Amino acid sequence: MNIDKLVLAIAGLLILLSVALALTVSTGWLWLTGVVGFMMLQSAFTGFCPMALILKSLGVEPGNAFK
């Protein structure tokens, strides 16, 4: 798996997890959904993605989006 696919997979997992926690624990977990969504949106315009930087430093192969 390359960085592009991992970033999308991790973002999707965090969103689903935060929605599940919001339904079962507290609606405060929806802030995590908002932060992940905001980071995805700003990454589309700026190309800056903290998760991509972390994965790159761990030696994951970059894809087309995060070279």
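As a reminder, the structure under discussion sits directly above these lines.
Since we're looking at a predicted model, the values are computed, not measured.

Caption draft 1: Geometry of the overall build of the chain. Helix and strand content of the chain: 3 helices and 0 strands. Along the chain direction, N to C, the helices and strands of the chain fall in the order α-α-α. For the chain, the spread of C-alpha atoms along the three principal axes comes to 40 × 25 × 15 Å. Expressed as a percentage of its 67 residues, the buried residues of the chain come to 24%. About 4,800 Å² of surface is accessible on the chain, with carbon and sulfur atoms providing 75% of the total.

Caption draft 2: View of helix 1 (residues 3-24). End to end, helix 1 covers 31 Å across 22 residues, agreeing with the expected 32 Å (1.5 Å per residue, within 8%). Every buried residue of helix 1 is listed here: Ile3, Asp4, Val7, Ala11, Ser18 and Ala22. Viewed along the axis of helix 1, the buried residues span an arc of 105 degrees, placing them on a single side of the element. Looking at helix 1, the residues exposed on the side facing more than 90 degrees away from the buried face are Lys5, Leu13, Leu16, Leu23 and Thr24. The secondary structure elements touched by the buried residues of helix 1 are helix 2 (30-46) and helix 3 (50-57). Where helix 1 begins, one side-chain oxygen reaches toward the backbone nitrogen of aspartate 4, 3.2 Å away; that side chain belongs to asparagine 2.

Caption draft 3: A look at the packing of helix 1 against helix 3. Contact geometry for helix 1 and helix 3: axes closest at 10 Å, N-to-C directions at 130 degrees. One way to sum up the angle between helix 1 and helix 3 is to call them oblique. Along this stretch, helix 1 crosses helix 3, giving a crossing that reads as right-handed. Residues Ile3, Leu6, Val7 and Ile10 of helix 1 form the contact with helix 3, whose own contacting residues are Met51, Ala52, Leu55 and Lys56.

Caption draft 4: Layout of helix 2. Between the first and last C-alpha of helix 2 there are 24 Å, a value that for 17 residues agrees with the 24 Å anticipated at 1.5 Å per step. Here helix 2 has its buried residues at Val36, Gln42 and Ser43. Projected down its long axis, helix 2 shows its buried positions confined to an angular sector of 135 degrees, all on one face. Exposed and facing more than 90 degrees away from the buried side of helix 2 are Trp31, Phe38, Leu41, Ala44 and Phe45. Buried residues along helix 2 sit against helix 1. At the C-terminal side of helix 2, glycine 47 shows a positive phi close to 80 degrees.

Quick notes on the rules
Residues numbered from 1 in each chain as written. Predicted model: local features only at pLDDT ≥ 70, side-chain atom pairs only at ≥ 80, totals over all residues. Heavy atoms only, no water. Helix = DSSP H or I, 4+ residues; strand = E, 2+ residues; numbered from the N terminus. Buried < 20%, exposed > 50% of the residue type's maximum accessible area, 1.4 Å probe, protein only. Areas by Shrake-Rupley, 256 points an atom, 1.4 Å probe, with all protein chains shown as cover. Expected span 1.5 Å × (residues − 1). Arc of directions from axis to C-beta. Contact = heavy atoms within 4.5 Å. Polar contact = N/O pair within 3.5 Å; in protein donor to acceptor, adjacent residues only side chain to side chain. Axes fitted to C-alpha atoms, helices over the stretch in contact; angles between N-to-C directions. Parallel < 35°, antiparallel > 145°, perpendicular 65-115°, else oblique. Left-handed = near helix turned anticlockwise from the far one by under 90°.

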